[in-house]
Amino acid sequence: MGILNVTPDSFSDGGRHVALDDALRRAEQMLAEGAAIIDVGGESTRPGAAPVSPRQELDRVAPVVEALVRELDALVSVDTSSPEVMRESAALGAGMINDVRALRRDGALQAAAHSGLPVCLMHMLGEPGDMQVAPHYEVPVEEAVADFLEARVAACLAAGLRPERLLLDPGFGFAKTVEHNLRLLHRMERLQALKLPLLVGMSRKSMIGKVLERPVEERLPGGLALAALAVERGARILRVHDVGPSVDAINMTWAVLQEGCDS
Ligand code: 7PJ
């Protein structure tokens, strides 16, 4: 899954993909490098980011979703928590909803259920504005994440979403210290007990910056190591900025994991 930010303030490619043409070209490149899904986001969820209105978000996202579907026939995921954006994107041909708030906003469960689209449910506590203030869990972080996601799956099923349409994401970097993130990845097999496909996003995140002391533009090698470990621990979709190198890391990891499988 290649990341296409259409926010003016996304932290690692801030403002560069606001123009529709740029967005299309960037998506085309990610598809050529092996992305299967393009994740379009119009709300910055980086720590401390200011909230945007659904109208603002829709103005940023809708033209990009429409163009990606029409011109590139791409499988488009929409990174949104807003029911309005979910509804409009589904009407424009989006193929997936990616919600960092796991459909907790008013009306989101209903909008997602009505869309008929697959949905990725991500773990986060609080809101982007305050989530990194002092993340704290009463139980081991992997248990807290598993319990949260299990409850969200139950809410989805009660709202009429089918289990085949759900994916889960531990939410690396969302209301988590670097220690939480490392532990969560190390113990990600715990989430396989929920028996749903796992999606993870660690590309260029501050957990890499903190461990390696690297600025955002020097985090690719660290990110590839995390990608390999995530695949080994059950991740089946990786949300990344650097598609080509990630595809190689994933395919190499997969070749090792498949060794002996058909003998
Ligand atoms: C994630 C996301 C993630 C999912 C962002 C960033 C922050 N969606 N949207 N998982 N992160 N599913 O890319 O650094 O980890 S925005």
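Residues numbered from 1 in each chain as written. Predicted model: local features only at pLDDT ≥ 70, side-chain atom pairs only at ≥ 80, totals over all residues. Heavy atoms only, no water.

- The protein chain is annotated in an unreviewed UniProt entry as dihydropteroate synthase from Halomonas salifodinae.
- Note on the protein chain: under the UniProt heading Cofactor (unreviewed entry), the record states "Mg(2+)". (UniProt positions renumbered as here; feature names shortened; annotations may be inferred.)

## A short note on helix 6 (residues 178-186)
And step 1. Listing the buried residues of helix 6 in full gives Val178, His180, Asn181, Leu184 and Leu185. Seen along its axis, helix 6 keeps its buried residues to an arc of 160°; they face one direction. Among the exposed residues of helix 6, those pointing more than 90 degrees away from its buried face are Glu179 and His186.
And step 2. In this fold, the buried residues of helix 6 make contact with helix 5 (141-158), helix 7 (206-212) and helix 8 (220-232). (Buried < 20%, exposed > 50% of the residue type's maximum accessible area, 1.4 Å probe, protein only. Helix = DSSP H or I, 4+ residues; strand = E, 2+ residues; numbered from the N terminus. Arc of directions from axis to C-beta. Contact = heavy atoms within 4.5 Å.)

## Some points on the site of the ligand
And step 1. The ligand sits among 13 residues. The nearest are Asp79, Asn98, Asp169, Lys205 and Arg239.
And step 2. Between the ligand and Asn98, the relevant distance is 2.7 Å, taken from a nitrogen atom to a side-chain nitrogen or oxygen of the residue.
And step 3. At a separation of 2.7 Å, an oxygen atom of the ligand approaches a polar side-chain atom of Lys205.
And step 4. With the chains in place, 93% of the 400 Å² that the ligand exposes on its own is no longer accessible.
And step 5. Elements with a minimum of two residues in the shell around the ligand: strand 5 (119-122) and strand 7 (198-201).
And step 6. When grouped by side-chain class, the residues that make up the shell around the ligand number 6 nonpolar, 3 polar and 4 charged. (Near = heavy atom within 4 Å. Polar contact = N/O pair within 3.5 Å; in protein donor to acceptor, adjacent residues only side chain to side chain. Areas by Shrake-Rupley, 256 points an atom, 1.4 Å probe, with all protein chains shown as cover. Nonpolar A, V, L, I, M, F, W, Y, C, P; charged D, E, K, R; others polar.)

## Considerations on the state of the cysteines
And step 1. The full count for this structure, using the stated rule, is 0 disulfides.
And step 2. Of all cysteine sulfurs in the structure, the one in Cys156 sits closest to Cys120, which takes part in no disulfide; the separation is 11 Å. (Disulfide = S-S within 2.5 Å.)

## Things to note about unusual backbone geometry
And step 1. A positive phi angle is found at Asp73, which is not glycine, with a value near 50°.
And step 2. Checked against the element boundaries, Asp73 lands in the loop between helix 2 (54-72) and strand 3 (76-79).
And step 3. With relative accessibility at 68%, the residue Asp73 sits in the exposed group.
And step 4. A positive phi angle, near 60°, is found at Arg204, a position not held by glycine.
And step 5. With respect to the helices, strands and loops of the structure, Arg204 is situated in the loop between strand 7 and helix 7.

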